[in-house]
Amino acid sequence: MNSGELDILLVEDNQDDMDLALHALQREKLSNRIFVVRDGEEALDFLFCRGVYAHRAFDRPPKLVLLDLKLPKVDGLEVLKQLQGDPRTRNIPTVVMTSSKEERDMVSGYELGANSYIRKPVDIDQFRETVKNVGLYWLVVNQPPPISGVRELETAQS
Amino acid sequence: MTGETFVIAEHCSRFGDVGSIYWVDTTIVPIMNKEGKPRQYIAIRADITDLKLAREEVHKLNDELEHRVAQRTAQLETANKELEAFSYSVSHDLRAPLRHISGFSRMLEEELGATLGPDARHHLDRIQSGIQKMGLLVDELLNLARVGRHVLRPQPTPLNSIVAEVITMLEPDSEVRHVTWLIADLPAVECDAVLVKQVFQNLLANALKFTRPRADVVIEVSCEEEDGQPVFMVRDNGVGFSMKYAGKLFGVFQRLHRSDEFEGTGIGLVTVQRIVRKHGGRVWVNAEVDKGAAFYFTLGMEKQAESKSNEATAGGQS
């Protein structure tokens, strides 16, 4: 993977869910530049450019993080919390993938500022439709904050 | 001349040398001399051993009973919580494999494409429709579990606006048919708006469903006061059912119609009942085969926030 040219970071531990999400994203021709991490700890290493991902740079964040909530080691809520708590990662669009309304309520309850939610629908057509809409919005319509903007924010807050 | 009588209540005494203890109330009456000093005393002893023992037994039983009630209540609360957590996680975790079956069978269908014969395609369709049904079931079970855990937030709620919202939501289902909605003036009542909306949603969706064979559908929502308490009614002119089975209606998974006649999971009315009971109210039904069904419910909280006067009733209009 070229670390500078990443569209989507998919954080998903379940192999089946991962395959379905990848299939849906590729089918809608949204992106082939998807990187998958399989637990919360790896997601944090990736996004905070540390451990095996120490070579990555903060100024090249993924355009979108698709975050599952139920994850081994560090759960999705904690990942979200840490992303929100750091000015270097706060602006990365994060879409939470939930399995139920309850989970969604839980996230909004913490006011962790997820950009939107996908409730993984049982129906595959619905799932494809949702993935397409989310992908279209965050990869095509939405303009990411300028990198310099992120830097300024960083200095202002430190 | 006697002085002031005094009583020594419930004290121990012994039978002579034998030493066995018994309980007495002793009343002591001093007899005074001319100077007003006690000359002698008369002690009247009443053996209250049996009374005392009986009383102790009652106390002990009461304490035991209270302890047992507290224990049972705690056990029940724990069991209830466990059950809710269980039904939630079962429903929650059931969705994942279902999603995978749906996804991969659809991928299979697409990969095989034109090579699929009509039978194979039909079987794949059956798989999909099975998945849909189970998905709905799981969602409704989750919803039921959620209602169970929901903490009641009562506030004055204008019911007409809730009913209007629900009807707008259900409109896509009723578009192709001619439905006459007869919505009376409903009071604003003290209740949990989120849950009561669910009640109307389930009852009105049922009304729409079971009137499907009718050319002219009439669905009525009204409110009448009974014993100072508003009783709400949702009535339809649909297929109804025999009151013989009315008792089954509010049980989980109970259905009175074949699922190829009317789809459903048998959870909707249980949810209604649970919500109504949470409000301290009750729900009942009156129906007849082919003549429609009327569901009645109260919301228990008698304090009415605001009672709209129904001007249409003035002047004896019918």
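Residues numbered from 1 in each chain as written. Chains lettered and ligands numbered in written order. Predicted model: local features only at pLDDT ≥ 70, side-chain atom pairs only at ≥ 80, totals over all residues. Heavy atoms only, no water.

Trainee: Got a minute to help me understand the sheet that holds strand S2 (residues 34-37) of chain A in this structure?
Mentor: Pairing between the strands of a sheet comes from backbone hydrogen bonds, and it takes one of two forms, parallel or antiparallel. Residues and elements named next belong to chain A. Spatially, S2-S1-S3-S4-S5 is the arrangement adopted by the five strands of the open sheet, whose pairing is parallel. The open sheet has two edge strands, S2 and strand S5 (116-119), and neither has a second partner. Each adjacent strand pair in this sheet contributes to an overall mean axis angle of 20°, direction not counted. As paired strands, strand S1 (residues 8-11) and S2 are joined by four bridges and run parallel to one another. Bridging across to S2, Leu10 finds its partner in Val36. (Pairing = 2+ DSSP bridges. Helix = DSSP H or I, 4+ residues; strand = E, 2+ residues; numbered from the N terminus. Axes fitted to C-alpha atoms, helices over the stretch in contact; angles between N-to-C directions.)

Trainee: Is there a simple way to explain the pattern of salt bridges in this structure?
Mentor: One side chain can pair with another of opposite charge once the charged atoms of both are near each other. Evaluated as defined, the whole model comprises 19 salt bridges over all chains. Note that Lys73 of chain A and Glu41 of chain A form a salt bridge whose closest N and O atoms lie 3.7 Å from each other. Of this pair, Lys73 of chain A sits in the loop between strand S3 (64-68) and helix H3 (76-84) while Glu41 of chain A sits in helix H2 (residues 40-47), placing them 32 residues apart in sequence. Using a relative accessible area of 64% as the deciding quantity, one classes Lys73 of chain A as exposed. The shortest N-O distance in the salt bridge between Glu110 of chain B and Arg128 of chain A comes to 2.7 Å. (Salt bridge = Lys/Arg side-chain N within 4 Å of Asp/Glu carboxyl O. Buried < 20%, exposed > 50% of the residue type's maximum accessible area, 1.4 Å probe, protein only.)

Trainee: What is the right way to look at the confidence of the model for chain B in this model?
Mentor: Residue and element names in this part refer to chain B. Averaged over every residue, the pLDDT of chain B is 84; the share at 70 or more is 92%. When pLDDT is averaged over each helix and strand of chain B, the minimum, 42, is found for strand S11 (residues 304-306) and the maximum, 95, for strand S10 (residues 293-297). Within the model, pLDDT remains below 50 along residues 302-318, and this stretch shows 16 contacts once partners closer than five positions in the same chain are excluded. Taken together, the chains of this predicted complex give a pTM of 0.59 and an interface ipTM of 0.71. (pLDDT = per-residue confidence, 0-100. Contact = heavy atoms within 4.5 Å.)

Trainee: Help me understand the pairing of S3 of chain A in this model?
Mentor: Consecutive side chains of a regular strand alternate in pointing toward one face of the sheet and then the other. Residues and elements named next belong to chain A. Most of S3 is tucked away, with five of its five residues classed as buried. Judged from the four bridges that link them, S1 and S3 form a sheet pairing that is parallel. Bridge pairing in S3 links Ile8 to Leu64. In the sheet, S3 pairs with strand S4 (residues 94-98) via four bridges, with the strands oriented parallel. When the bridges of S4 are listed, Leu67 appears paired with Val96. Regarding topology, H3 serves as the crossover connection from S3 to the parallel S4, and that connection is right-handed. (Right-handed = clockwise from strand over helix to strand, strands pointing away.)

Trainee: Would you mind going over the packing of aromatic side chains with me for this structure?
Mentor: The geometry of an aromatic ring pair comes down to the distance between the two centres and the angle between the two planes. Counted under the stated rule, the structure contains eight aromatic pairs over all chains. Between Phe232 of chain B and Phe297 of chain B, the aromatic rings sit 5.3 Å apart at their centres with planes inclined by 35°, giving tilted as the arrangement. Separated by 65 residues along the polypeptide, Phe232 of chain B in strand S8 (residues 229-236) and Phe297 of chain B in strand S10 bring together distant segments of the chain. You'll find Phe232 of chain B and Phe297 of chain B in the same group, each marked buried. Three or more aromatic residues joined by ring pairs form one cluster here, namely Phe35, Phe46 and Tyr53 of chain A. Residue placement shows Lys52 of chain B over the ring face of Trp23 of chain B; its charged tip is 4.4 Å from the ring centre. Between Arg282 of chain B and the ring centre of Trp284 of chain B, over which it is positioned, the NZ or CZ distance is 4.0 Å. (Phe/Tyr/Trp six-rings, centres within 6.5 Å; stacked < 30°, edge-to-face > 60°. Lys NZ or Arg CZ within 6 Å of the ring centre and 35° of its normal.)

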